[in-house]
Every structure is written in C-alpha cells, then in structure tokens.
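Letter by letter, the chains look like this.
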Amino acid sequence: MNKEFKMVLGKRKSLVELVALVYRLLMKLRHNQERDEFINMDSFPGAVTHLVDLEIQASSIFKHDVFKWIVREIKKGSFITLKQGAECHEDGSCVYKVSVYKQPEFDHTVVYHPEKETDSAEDPIMVCSYRMFQYRGVPCRHMFTVMKNEHIFELHKSLIVKRWTKDARTVCEIPYSDQSMPREALEVSRKEKEKAEKSNENDERNTDPRPSVATPAKRSCGYCKQSGHNTQTCDVRKEKEKAEKTNENVTGTSNDPPPSVVTLAKKTIHCSACKGAGHTHCRCPKKTKKGDASPTSEE
C-alpha cells in the first residue's frame, strides 16, 4: 500500500488529478481485499503435493497467501533427506538431523516433543534450527520432513498461528479466573469508588446543568453611568443639550456665514485695450477695424 501511494505522489500532478488517482488506488486496494477474502473463504484448492492430508487441512485453516507458502515448503521438503535417525532423550524429545539432497553440508536440526501438552505457538511441539516458524509463523520444509517420518497427518495446534488463519478477525475470548479478589483490593476499590462519587457530587453542585433563571442585569447609561435607562433616553444629556442651544440663541452665535460673504459688491469693468471703464475690449469705441493700424496714444 505504501509503495502504491509513493508512486502516485511522485507523479507531480495537480490537486484534482491527485485526488482522482488516490481514489482509484483506494478502490483498487478494496477490490484486492474483497478478492482475497472471497478466495480465502469460498475457494478450496486441490491437493498437488505428496502430503495430501496436511495440505487439505492447511487449505481449510490458513489464508490463501499463507497456504501458498505451506505448499511451497511441502514441495521443497521432497529434496530434504534424513542425515541421522532420531535421537531420543530422557525428557521424551526426539532430535532429527536433516540435510539437502546433493548438498549434505547444509544441515539443520529439528527437535520434536511428542508428549508435550501445549497449544501455544510460542512454545510449539516442534522446533527447527532453520527458524522459519519463529519468523514467519509457517512450518518449514524440515519440519514437514519430520512429520512425514513420524506419520503425522494433522498439524498440531501449537504449529498454527492465529493471525494467519481465516478466522483471524474474530474476537478472542479471554478467560478470567473465578477466584475472588483479596480483601485488601476490595477495600481499596471501595474507597476509590466513594471518592469518585463525592467528587462527582461536588462537580454537579458547582456546575448546575439547569438553565439559569436569575433576573437579568439592569441596563446602565453610557453618559451619566446610572442604571434604568440608556444614552438615548438620558434626561441629563437632554437637559445639557437644551441649555447649550439656549446659550447659542442668547449670544447670537450661529453657523450661518456673514452677509458680506453672501452679497459681494459690484465690480467695475475695465477695457483691456484702452484701459477705460464701463466697457470691454470687444465694445471699445477706439478699437480699429480689421486691417487698420492700431490706435496710438496721440489719437
């Protein structure tokens, strides 16, 4: 999944194109998940190895991908040979030494405990020095060789890891002991419970969840700072404004402009040609006609 997202983010696309690519990627992942779940739950592959009983059991227990690992290990087990027979010890364990066909230098040791009573994969009945079961949770080819030699037709519960099974998503039931708790633990739990109840009661008293029914606060005027009215209905402000208007009427002060500004004195017109008063240069009597010489000062 991370690899697919890295490929999508490395294409330098715009935001709209990137959202479309991510959506397609998620649809692809969902499709692959649904396909794998269908193959795991509704498909039963046929037996193709010489250990038919073990293969059929593995196909009914493990997921499809893990089942492919097991089939591959069973097939490779046909190239494994017993280098030495079983050595039985006092604790009831049997030690096998196996090697690869035509490569005797590649040898491994498998310890088998036939009388061991365990169902946990952390302490299985069979341990191999190849350590594939410890890393992947799948029995290796050497362990299948020992099973063939010991005539084992079913996988032991300790050799089945729950995370690789088809019902891995089911909730595990945790068994609790029926023994009663010690008296000291009960006393501590009772005291803690009483403390918690008291703290909850105090919180409920301090913070009442019911809506507040208290009388609303009185309004105060922004001009005279008294309660019961606002600035628009303030009598103090109205009286002060009324007094200011009467003072303006008495003193005669007003914002009107003086009469001299409104009615200006009539200005006398002067001619620009003869400098005479009462006419302009257009109506100047001393102005010559077009083409004549300009008037002189003597004329």
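Residues numbered from 1 in each chain as written. Predicted model: local features only at pLDDT ≥ 70, side-chain atom pairs only at ≥ 80, totals over all residues. Heavy atoms only, no water.

Turning our eyes to something else, we now look at a positive patch on the surface. Side chains of K68, R72, K76 and R136 sit close together on the surface and give a patch of like positive charge. Broken down by element, the residue count for the positive patch peaks at 3 residues, all from helix α4 (residues 64-76). Examined against the element boundaries, K68 turns out to sit in helix α4. Residue K68 is classed as partly exposed on the basis of its relative accessible area, which comes to 43%. (Patch = residues over 30% accessible without salt bridge, like charges linked within 9 Å, V, L, I, M, F, W, Y side chains within 5 Å. Areas by Shrake-Rupley, 256 points an atom, 1.4 Å probe, with all protein chains shown as cover. Salt bridge = Lys/Arg side-chain N within 4 Å of Asp/Glu carboxyl O. Lys, Arg positive; Asp, Glu negative; His and termini not counted. Charge placed at Lys NZ, Arg CZ, Asp CG, Glu CD. Helix = DSSP H or I, 4+ residues; strand = E, 2+ residues; numbered from the N terminus. Buried < 20%, exposed > 50% of the residue type's maximum accessible area, 1.4 Å probe, protein only.)

Attention now goes to unusual backbone geometry. The backbone of H151 sits at a positive phi, close to 60°, despite the residue not being glycine. Position of H151 relative to the elements: it lies in the loop between α6 (141-150) and α7 (183-206). At K275, a residue that is not glycine, the phi angle is positive and equals roughly 65°. Position of K275 relative to the elements: it lies in the segment after α9 (259-262).

Turning next to the packing of aromatic side chains. Per the stated rule, a full pass over the model turns up 1 aromatic pair. Measuring from centroid to centroid gives 5.9 Å for W69 and W164, while their planes differ by 75°, and the two rings are edge-to-face. One end of the pair, W69, is in helix α4; the other, W164, is in the loop between α6 and α7, with 95 residues separating them in the sequence. The ring of W69 is capped by R136, whose NZ or CZ atom sits 5.1 Å from the centre of that ring. The ring centre of W164 lies 4.6 Å from the NZ or CZ of R163, which sits over that ring. (Phe/Tyr/Trp six-rings, centres within 6.5 Å; stacked < 30°, edge-to-face > 60°. Lys NZ or Arg CZ within 6 Å of the ring centre and 35° of its normal.)

Formed by 29 residues in total, the largest nonpolar core has its most connected members in F62, I70, M126, M143, F144, M147 and L155. Broken down by secondary-structure element, the contributors of at least two residues to this core are α3 (52-61), α4, β2 (94-100), β3 (103-112), β4 (126-128), α5 (132-136) and α6. The element best represented in this core is α4, accounting for 5 residues. Excluding its chain neighbours within four sequence positions, the residues that come into contact with F62 are F67, I70, L155, L159, I160, W164, T165 and K166. (Core = buried A, V, L, I, M, F, W, Y, C linked by side-chain atoms within 4.5 Å. Contact = heavy atoms within 4.5 Å.)

The next thing to look at is the pairing of strand β1 (residues 80-88). Inspection of the sheet shows β1 paired to β2 by 6 bridges, in the antiparallel sense. Opposite E87, over in β2, you have V95 as the bridge partner. (Pairing = 2+ DSSP bridges.)

This part covers the environment of F133. Tracing the sequence through the fold places F133 in helix α5. On the basis of relative accessibility, which here comes to 6%, the residue F133 falls in the buried class. C-alpha separation for the pair F133 and V161, spaced 28 residues apart in sequence, amounts to 9.3 Å. Here F133 is in contact with A121, P124, V138, P139, M143, S158, L159 and V161, once residues within four sequence places are set aside.

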